[in-house]
Amino acid sequence: MTESFIHYVWQFQYFDRNDLRTTKGESLRVLKTGFPNSNAGPDFFNAKINIDGIELIGNVEIHIKSSDWYAHRHEKDAAYNTVILHVVWENDKPVTQNGVSVPTLELKLKVNDSLLQQYRRLVNSSTPIACEKSFYEVGDVVKFSMLDKALMQRLEKKADHVRDLLKFNGNDWEETTYQLFARNFGFKVNADPFFQLSKVVPYKIIQKQNGLLQVEALLFGQAGMLDTKTKDEYVSALFREYHWIAQKYALHNLRLSASQWRFLRLRPANFPTLRIAQFAAMLFQTKNIFSQLMSTGSYPDIRKIIEQNQSGYWQTHYHFGGKAKRKVAGLGKTSTENIVINTVAPLLVAYGKSKDDQAYIDRAVEFLQQLPAEENRITKMWNGLGLKTKNAFDSQATIELHNAFCQGRQCLNCNIGVALLKPTPLC
């Protein structure tokens, strides 16, 4: 038995409500189940019940056993003083709050065994997607509504990360945007060192530089990549610029180590040296990057901000030293799409939430709908079940659906799982 199953049974009233009584024998009628609460406090807010002819409005708490009330120390929490009904699977101990008995409803003998068996079969499935064998039974409307829910949940999570970083940065949106872009320019392999680099090179210092060479010098120098013993004129110029800037802003002791950057098993186009050069070009060409993004309404304009040509040296090199055999391309279309999905969209949602302006959130969703779907192990599984991912909206939604619902067997929080669990009424 799980609390989520009892939540589900209570929310949808999937139990025998004939002659409903509390554990003390009082008559009970459920007039309103209340609204599920995903935060701290009782599980359902603003419920309405009638006990022995007296109407009560308040909150409902759910537990497997009534003694869990004390195991969770609710008796010491004033938030639970408003509980009007304790819904449990098994009543093993009377509960009081502030010396007053808490009305309790025991469900163990009121739920049809077939519903419980259906639930157990679903969550104990050995397949990665629990409902894989019965997925086709669910209508498209239910599936699409779940994709909407999963996508917004994913955007909310990413926006929460933006807000956490924003708080750390003293509510500086420009600095926060710069750091988020840095992490994304590192993609999966070099995301952490890129993010650390943005921490040791504040955006305000980047903005004060007058040329692309100075921006490159700052980034490569703080990345720990500049070698003083070189005959490469470009590297020597970078070092001279870096030495002067680092002295001015006392940055020398904040440098990263070259060993933090990973090159092994990466294609040259993904080398961190080239990514830093591309990042530098974007930062130099776009002043006040956050303001630019928030005022840009179309995806093509977003691409223009991100896809800046790196400097001449990096159009013929993937790393310091040896020349490339052919011209080195700029940031690719797929890389740009990845940045929009993982940086621009969450930024828009976070800013929209902070300003209570739905237009920014709608713009984030529109961008995702304009981008092609990502292709990975998860999206392939859903495509195999007939749930075709047509764009990044769909692929992001199915990734969240798999990671947040399927992996943890949160079937009762999923519209698809709820639709598949069809209770058989008690006789």
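These numbers come from a predicted model, not from an experiment. (Residues numbered from 1 in each chain as written. Predicted model: local features only at pLDDT ≥ 70, side-chain atom pairs only at ≥ 80, totals over all residues. Heavy atoms only, no water.)

Draft legend 1. Layout of the overall build of the protein chain. Helices and strands together make up the secondary structure of the protein chain, namely 17 helices and 8 strands. Its C-alpha atoms give the protein chain a radius of gyration of 28 Å, more than 25% over the compact-globule value 22 Å for 427 residues. Projected onto its principal axes, the C-alpha coordinates of the protein chain cover approximately 90 × 50 × 40 Å. Counting the 427 residues in the protein chain, one finds 50% classified as buried. (Helix = DSSP H or I, 4+ residues; strand = E, 2+ residues; numbered from the N terminus. Rg over C-alpha atoms; globule rule 2.2 N^0.38 Å. Buried < 20%, exposed > 50% of the residue type's maximum accessible area, 1.4 Å probe, protein only.)

Draft legend 2. Region of interest: the pairing of strand β5 (residues 83–90). Extensive coverage of β5 is indicated by the burial of 7 of its 8 residues. As judged from the 6 bridges shared by strand β4 (residues 54–65) and β5, these two strands associate in the parallel manner. If you follow Lys 65 over to β5, its bridge partner there is Glu 90. Across 3 bridges, the pairing between β5 and strand β8 (residues 104–106) is parallel. (Pairing = 2+ DSSP bridges.)

Draft legend 3. Region of the structure containing the nonpolar core. Phe 5, Phe 181, Leu 219, Phe 279 and Ile 306 are the most contacted members of the largest nonpolar core, which totals 127 residues. Counting residues per element, this core draws most heavily on helix α13 (residues 333–355), which supplies 10 residues. Judged by nonpolar contacts, the second largest core, of 5 residues, contains Trp 69, Tyr 80, Val 83 and Val 102. (Core = buried A, V, L, I, M, F, W, Y, C linked by side-chain atoms within 4.5 Å.)

Draft legend 4. Region of the structure containing the layout of surface pockets. Looking at the largest pocket, its volume works out to about 1,200 Å³. For the largest pocket, the lining is made up of 38 residues, of which Asn 184, Lys 188, Asn 338, Asn 342 and Glu 374 are closest to its centre. If you tally residues by element for the lining of the largest pocket, the top one is α13, at 8 residues. Roughly 560 Å³ of internal volume is contained in the second largest pocket. (1 Å grid on protein atoms, 1.4 Å probe; cavity = no way out; pocket = protein on both sides within 12 Å on 5 of 7 lines; lining within 4 Å. Points joined across faces, edges and corners; volume = space filled by probe spheres on them.)

Draft legend 5. Seen up close, the side chain of Arg 154. Looking at where Arg 154 falls in the secondary structure, it is placed in helix α4 (residues 140–168). Those residues within four positions of Arg 154 in sequence are excluded, and the remaining contacts are Gln 396, Ile 399 and Glu 400. (Contact = heavy atoms within 4.5 Å.)

Draft legend 6. Inspection of the packing of aromatic side chains at higher detail. What the rule picks out here adds up to 26 aromatic pairs. Between the aromatic rings of Tyr 234 and Trp 314, the centroid separation amounts to 6.3 Å while the plane-to-plane angle is 80°, which identifies the pairing as edge-to-face. Here Tyr 234, found in helix α9 (residues 233–249), pairs with Trp 314, found in the loop between α12 (299–306) and α13; they are 80 residues apart in sequence, far enough to count as distant. There is no split in this pair, since Tyr 234 and Trp 314 are both buried. Counting every residue linked through ring pairs, the aromatic cluster contains Phe 5, Tyr 8, Phe 12, Tyr 14, Trp 89 and Tyr 119. The ring of Tyr 70 has Lys 93 sitting right over it, with the charged end atom 4.8 Å from the ring centre. (Phe/Tyr/Trp six-rings, centres within 6.5 Å; stacked < 30°, edge-to-face > 60°. Lys NZ or Arg CZ within 6 Å of the ring centre and 35° of its normal.)

Draft legend 7. Focus on the environment of Arg 363. Tracing the backbone shows Arg 363 in helix α14 (residues 358–370). Taking the relative accessible area as the measure of exposure, Arg 363 reaches 17% and is therefore buried. With 243 residues separating them along the chain, Arg 363 and Arg 120 place their C-alpha atoms 41 Å apart. In this view, Arg 363 contacts Leu 293, Met 294, Ser 295, Thr 296, Gly 297 and Leu 348; residues no more than four positions away in its chain are not counted.

Draft legend 8. Representation of empty space enclosed by the protein in the model. Evaluation of the coordinates by the stated rule reveals 1 cavity of 30 Å³ or more. Roughly 100 Å³ of internal volume is contained in the largest cavity. Around the largest cavity sit 13 residues that line it, and Cys 131, Cys 406, Cys 411, Cys 414 and Gly 417 are the ones nearest its centre. When contributions to the lining of the largest cavity are tallied by element, the ones reaching two or more residues are α16 (392–406) and α17 (415–420). Element by element, the count of residues in the lining of the largest cavity is highest for α16, at 3 residues.

Draft legend 9. Examining unusual backbone geometry more closely. At Asn 171, a position not held by glycine, the phi torsion is positive, near 60°. Note that Asn 171 resides in the loop between α4 and α5 (173–185). Positive phi outside glycine occurs at Phe 187, with the angle close to 50°. Considering the arrangement of structural elements, one finds Phe 187 in the loop between α5 and α6 (191–200).

Draft legend 10. Highlighting the packing of helix α15 (residues 377–384) against α16. Contact pair α15 / α16: the axes reach a minimum separation of 9 Å and the direction vectors enclose 95°. For the element pair α15 / α16, the angle class is roughly perpendicular. Residue-level inspection shows Arg 377, Ile 378, Thr 379, Met 381 and Trp 382 of α15 in contact with α16, the latter providing Ser 395, Thr 398, Ile 399, Leu 401, His 402, Asn 403 and Cys 406. Grouping the amino acids of the contact of α15 with α16 by side-chain chemistry returns 6 nonpolar, 5 polar and 1 charged. (Axes fitted to C-alpha atoms, helices over the stretch in contact; angles between N-to-C directions. Parallel < 35°, antiparallel > 145°, perpendicular 65-115°, else oblique. Nonpolar A, V, L, I, M, F, W, Y, C, P; charged D, E, K, R; others polar.)

Draft legend 11. Helix α8 (residues 212–222), seen in detail. By the criterion of burial, α8 is predominantly enclosed, with 10 of the 11 residues buried. Those residues of α8 lying buried are Leu 212, Gln 214, Val 215, Glu 216, Ala 217, Leu 218, Leu 219, Phe 220, Gly 221 and Gln 222. Looking at the buried side of α8, the elements it contacts are α5, α6, α7 (203–207), α9 and α10 (272–285). Looking one or two residues past α8, Gly 224 carries a phi angle of roughly 75°, positive in sign.

Draft legend 12. Summary view of the environment of Lys 32. Within the secondary structure, Lys 32 sits in strand β1 (residues 28–32). Setting aside chain neighbours within four positions, we find Lys 32 in contact with Asn 46, Ala 47 and Lys 48.

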